[in-house]
Amino acid sequence: KGSQHSGGPLTLPPGFTSEVYDEFIAAARQILGEQNVTVITDVAQLSLEHYTDPSKVHDMHNVVEKTYFVASAVLCPRDVKDVQDIMKLCNQFEMPVWPFSIGRNTGYGGAAPRVPGSVALDLGKNMNKILEVNVEGAFALVEPGVTFFDLHEYLVKNNLRDQLWIDVPDIGGGSIIGNAVERGVGYTPYGDHWMMHCGMEVVLPSGELIRTGMGALPDPSRPHPDGLRPDQVPGNRAWQLFNYGFGPYNDGIFSQSNLGIVTKMGIWLMPNPGGYQAYLITLPRDEDLHTALDIIRPLRLQMVLQNVPTLRHILLDAAVSGNKKSYTQKDEPLDDEELDAIAKKLKLGRWNFYGAVYGPEPVRKVLWSVIKEAFSKIEGAQFILPEETKDHPVLQTRSGTLQGIPSLDELAWVNWLPNGAHLFFSPIAKITGDDGMLQYSMTKKRCKEAGVDFIGTFTIGMREMHHIVCIVFDRYNKEKRDRAHWLIRTLIQDAAEHGWGEYRTHLALMDQIADTYSFNDNAQRKLNETMKNALDPKGILAPGKNGVWPSNYDREAWRI
Ligand code: ADP
C-alpha cells in the first residue's frame, strides 16, 4: 500500500520509488505545463473541507483517516489531446490515475482515489465548455467541467429558460458528466440522468478516442477544415438524438466503471412544460410511510406523478432548518415524542412528500385533483403549496429544484452535528409499503444501535425507489467516524440478506458492495474484470473503482 515519504509526494503510488515518481512528474509537466501539475507534498494541502471550495486531493467527508484516500498529484489536462497523452504516459509508467470532472461527489468519496497515491486527473479545471445548446433538439453537449449551475445560468443568460429546463440534483455544484456517469438523480420528469444522457466521447485507457452511438458515424454534411484532431471534428447530427447507434451499445461500460474517460457527453433537456406547480403533502404518522408508498406506486407508473418525487423523513427537513443543538441538548438519537415535537414546531409531518405537476393549467388541475384524492386516504394529510405559505423553507427550495433551478440550500443538513460530514447508504427497493417499511425499520434499528439519528428520504424512480440514508458524523471524532463506518457496513450486509443492493457508494465500501452482487459465483464481476484486463492491460485507470480490480492488483490486499 502507499507509503509515507519525505521530499516527494505525501503518499507514493504502489510500487513507485520517489526517483521513478519524479521522472513521471517531469514528463507530465512537459505535456501539461508547470501550472497544470501540482504534487501533494504536505498535509497542509489536505485542509480544504467545504463544498464551495472543494479539495481535489482527498475525501473531505473522510470516514477512514483523512490521509488514506489521497492523490499524490493533481494533473489538469487542457484538452482531449492532453488526456490522451497523459494516458499514454500513465501506461508507460504503470501509474494509477483517477479521473473526475469536478470532484465534489459528496458523500461518495469526493475527488479522492480508491488507490492511495494515484494521480488525480482534474478534467473540469480547463475543460469546461458548453459546446452546444440545441433548442430544436432539446439537448446540450458539454465538457467535464460544466456544472448544473453553469448550464442553468447559460439558459438564463441566453433567455432560453422559456424553452428549455435542465434537471438538477439536490445541490447544483457537481458536474453534469460526473453525476450522469455515476447514475445520480434529480427531481423533474428528467430525473434519471443516465437515462437522459445521449452520446459520449471517451478516451480509452490506451489513449485511443471513440465516440459512442451515432457519434461513430462521420457526417460529411458538417464540413470542417483539414487537420482538425478527431476530438475537434463536429459530431453526427443525430449523436445527441439517438442513444444506441448500431451494434453493441457501449455507453454502459463507461458508467460507474474504470474503462474510459468521458470528454464530451450529450444530455437531453426538458422542454419548458408551459406551467408548473410544486406541492408538499405532510403525513403525520411514522406508519403512514406504508400507505403512502402503495398510493405512490400506481400513480408514478401511470405518470400521474410526472417527476421524481421524494418522501422525506422529518429529520431531513429539520436538519435543513437548524442543527441538532437548536432542537435538543441530547446526544442520543431522538425518540418518537421528540420527533413529533419537531414536526409540530416546523408544521410538518413525520413524512413529507414533495412533488410537482407540469403542464398548462387544465392539465395541472386534473393531475393535482387525482393526487390529492389519492393521498386523502391518509388521515391528517395536509396539502401545501409554496405560494400559500412562508412557513416551509424546504418547500421553497424544492419548488426551485423540481423545476431545474440549482441551489446550495440543502448543504445545511450536514451541519446537524458539529464538524458534520456524511456518507450515503443508498439501497434500491420496490415501491411498496411492505418493502419500504421493512427497509426503514431495519435502517432505523441499526442507526439506533450506532447512536445515530435516522435522516433519510425515498426518491421515487420509474419503477423502484432509492432509499437515501444520510449518515452524518463528526469528522474530527474518530470514535464517531468508526461508528458511522460500522453502521454502513452493517447496513450493506443487512440489506443484502433481504435481497437489496445499493446503487452507488463511497470508496471505502466498494468492495463490500461488489461482493454482494454475487449471482452465479460473481459471474458479473468476472465479466467486468475480463473487460478491464482487455481494455486496460496495465491496470492504470481507477483500479478498484466499484470493486473492479485489474489483474496486477490483489483485491484481498486492498480491502479496507
Ligand atoms: P461531481 O460532478 O459531483 O463533482 P465527480 O466529478 O467527482 O463528481 O465525479 C464522480 C465520479 O464519477 C468520479 O469519482 C469518477 O469515478 C467518475 N467520473 C467523473 N467524471 C468522469 C469522466 N469525465 N470520465 C470518467 N469518469 C468520470
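Reading fine detail from the predicted coordinates is not recommended where pLDDT is low. Model confidence for the protein is summarised by a mean pLDDT of 97, while 99% of its residues fall at 70 or above. Model confidence for the complex is summarised by a pTM of 0.97, with the ipTM given as 0.99.

Sheet architecture is open: four strands sit in the order 1-2-4-3, paired in mixed fashion. The open sheet has two edge strands, strand 1 (37-39) and strand 3 (97-100), and neither has a second partner. On average, each strand axis in the sheet is inclined to that of its neighbour by 20°, with strand direction left out of account. Bridge analysis of strand 2 (residues 73-75) against strand 4 (residues 119-122) gives three bridges, and the strand direction is parallel. If you follow Val 74 over to strand 4, its bridge partner there is Ala 120. Sitting on the sheet, helix 1 (residues 18-32) touches strand 1, strand 2 and strand 4, and the angle it makes with strand 1 is about 155°.

Taken together, the neighbourhood of the ligand is formed by 20 residues, with Ser 101, Ile 102, Arg 104, Ser 175 and Val 262 sitting nearest. Contact between the ligand and Arg 104: an oxygen atom at 2.6 Å from a main-chain N or O atom of the residue. Measuring from an oxygen atom of the ligand, one finds a side-chain N or O atom of Lys 545 at 2.9 Å. Surface burial for the ligand is 96%, taken as the share of its 550 Å² of free accessible area covered by protein chains. Residue assignment for the shell around the ligand shows that the elements contributing at least two residues are strand 3, helix 4 (176-181) and strand 10 (261-268). Taken together, the residues of the shell around the ligand sort by class into nine nonpolar, eight polar and three charged.

Scoring rules and cut-offs
Position numbers for residues count from 1 along each chain, tracking the sequence in the order it is written. With the structure being a predicted model, the display of local features is reserved for residues of pLDDT at least 70 and the display and counting of side-chain atom pairs for 80 or more, all residues being used for whole-chain, interface and lining totals. Just so you know, side-chain values use all the structure's heavy atoms and leave hydrogens and water out. The predictor rates its confidence in each residue with pLDDT, a number between 0 and 100. Here the rule is simple: two strands pair whenever DSSP picks up at least two bridges between them. The helix count covers DSSP runs of H or I at least four residues long, the strand count covers runs of E at least two residues long, and both are numbered beginning at the N terminus. Every axis in this analysis is a line fitted to C-alpha atoms, fitted for helices over the stretch in contact. Angles between the N-to-C directions lie between 0 and 180 degrees. The contact criterion used throughout is that any non-hydrogen atoms of two residues lie within 4.5 Å. Definition of nearness: a residue and a molecule or strand are near each other if at least one heavy atom of the residue lies within 4 Å of the molecule or strand. Whenever a nitrogen or oxygen atom comes within 3.5 Å of another N or O atom, the pair is scored as a polar contact, on the condition that within protein one atom can donate a hydrogen and the other can accept it, and that pairs from neighbouring residues in sequence are kept only if both atoms are in side chains. Per-residue and other accessible areas were derived by the Shrake-Rupley procedure at a 1.4 Å probe size, with only the shown protein chains allowed to occlude residues. For this classification, the nonpolar set comprises Ala, Val, Leu, Ile, Met, Phe, Trp, Tyr, Cys and Pro, the charged set comprises Asp, Glu, Lys and Arg, and every other residue, Gly included, is treated as polar.

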